[in-house]
Amino acid sequence: MKRALVPLFTAALLSTFAACATTVEAPTQAPALGSDAKIVAKKNKTGTYAVTLDVTNLAPPSRLDAEATTFVVWLVSGNLPAVRAGTLAYDEGDRRGQLEASSPNAAFTVLITLEKDATPASPSGKGILSAAVAARK
């Protein structure tokens, strides 16, 4: 009887932890067709939201736009201007980009743009992803 309860308890515990986070999966847009993004947002102890972004099957920026050198991630809340969350840590060998950021807002849109440099003041390059996230509060 105890052996039967352990897997059941473990499954319930894991689903409880998974329920605390919001996961959004979205395909990228042209010119980065064929890539997939997974965005996880989870409220932390300080009341902000930890955001983890993982993009797979992503071609290098220069193959998507001859002038691009990097992928920049932006968070947009409501009608406010886009806030630069950072650049994707891109691994050309794995064709994967990752980023960890935070947001003070539970609802926001994640944008990824191709940029000439890593520190633009606002999105200026081609957008390859726009995904709405509404994290659990």
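You'll find the structure just up there.
Residues numbered from 1 in each chain as written. Predicted model: local features only at pLDDT ≥ 70, side-chain atom pairs only at ≥ 80, totals over all residues. Heavy atoms only, no water.

*Asks:* Explain the sheet that holds strand β8 (residues 107–115) to me, and be specific about the residues and the numbers.
*Replies:* Within the open sheet, the 4 strands sit side by side as β5-β4-β8-β9. Their pairing is antiparallel. Unpaired on one side and paired on the other, β5 (83–87) and β9 (127–134) mark the two borders of the sheet. Neighbour-to-neighbour, the strand axes of this sheet turn through a mean angle of 25 degrees, independent of strand direction. Where β8 meets β9, 7 bridges bridge the pair, whose relative direction is antiparallel. Bridge pairing in β9 places L111 opposite S130. (Pairing = 2+ DSSP bridges. Helix = DSSP H or I, 4+ residues; strand = E, 2+ residues; numbered from the N terminus. Axes fitted to C-alpha atoms, helices over the stretch in contact; angles between N-to-C directions.)

*Asks:* Hey, could you go over the nonpolar core for me, with residue numbers and the actual values?
*Replies:* Core analysis: the largest hydrophobic core is formed by 30 residues, its most contacted members being I39, L53, F71, L88, V110, I112 and L129. Of all the secondary-structure elements, those providing two or more residues to this core are β1 (21–27), β2 (36–43), β3 (49–56), β4 (70–76), β7 (96–103), β8 and β9. In this structure, L88 is in contact with L53, V55, L58, F71, V73, G97, Q98, L99 and I112, ignoring residues within four places of it in sequence. (Core = buried A, V, L, I, M, F, W, Y, C linked by side-chain atoms within 4.5 Å. Buried < 20%, exposed > 50% of the residue type's maximum accessible area, 1.4 Å probe, protein only. Contact = heavy atoms within 4.5 Å.)

*Asks:* Talk me through the pairing of β2; I want residue IDs and the actual numbers.
*Replies:* Sheet analysis places β1 next to β2, joined by 7 bridges and oriented antiparallel. In the sheet register, P27 faces β2, and the bridge partner there is D36. Relative to β3, β2 is paired through 8 bridges, and the arrangement is antiparallel. Across the sheet, the residue bridging to K43 is Y49, located in β3. Linking β2 back to β3 in an antiparallel pair, the connection comprises 5 residues, with G47 at a positive phi of about 90 degrees.

*Asks:* Describe the environment of L58, with residues and values.
*Replies:* By the element assignment, L58 lies in the loop between β3 and α2 (61–64). Owing to a relative accessible area of 0%, L58 belongs among the buried residues under this scheme. With 24 residues separating them along the chain, L58 and G34 place their C-alpha atoms 7.6 Å apart.

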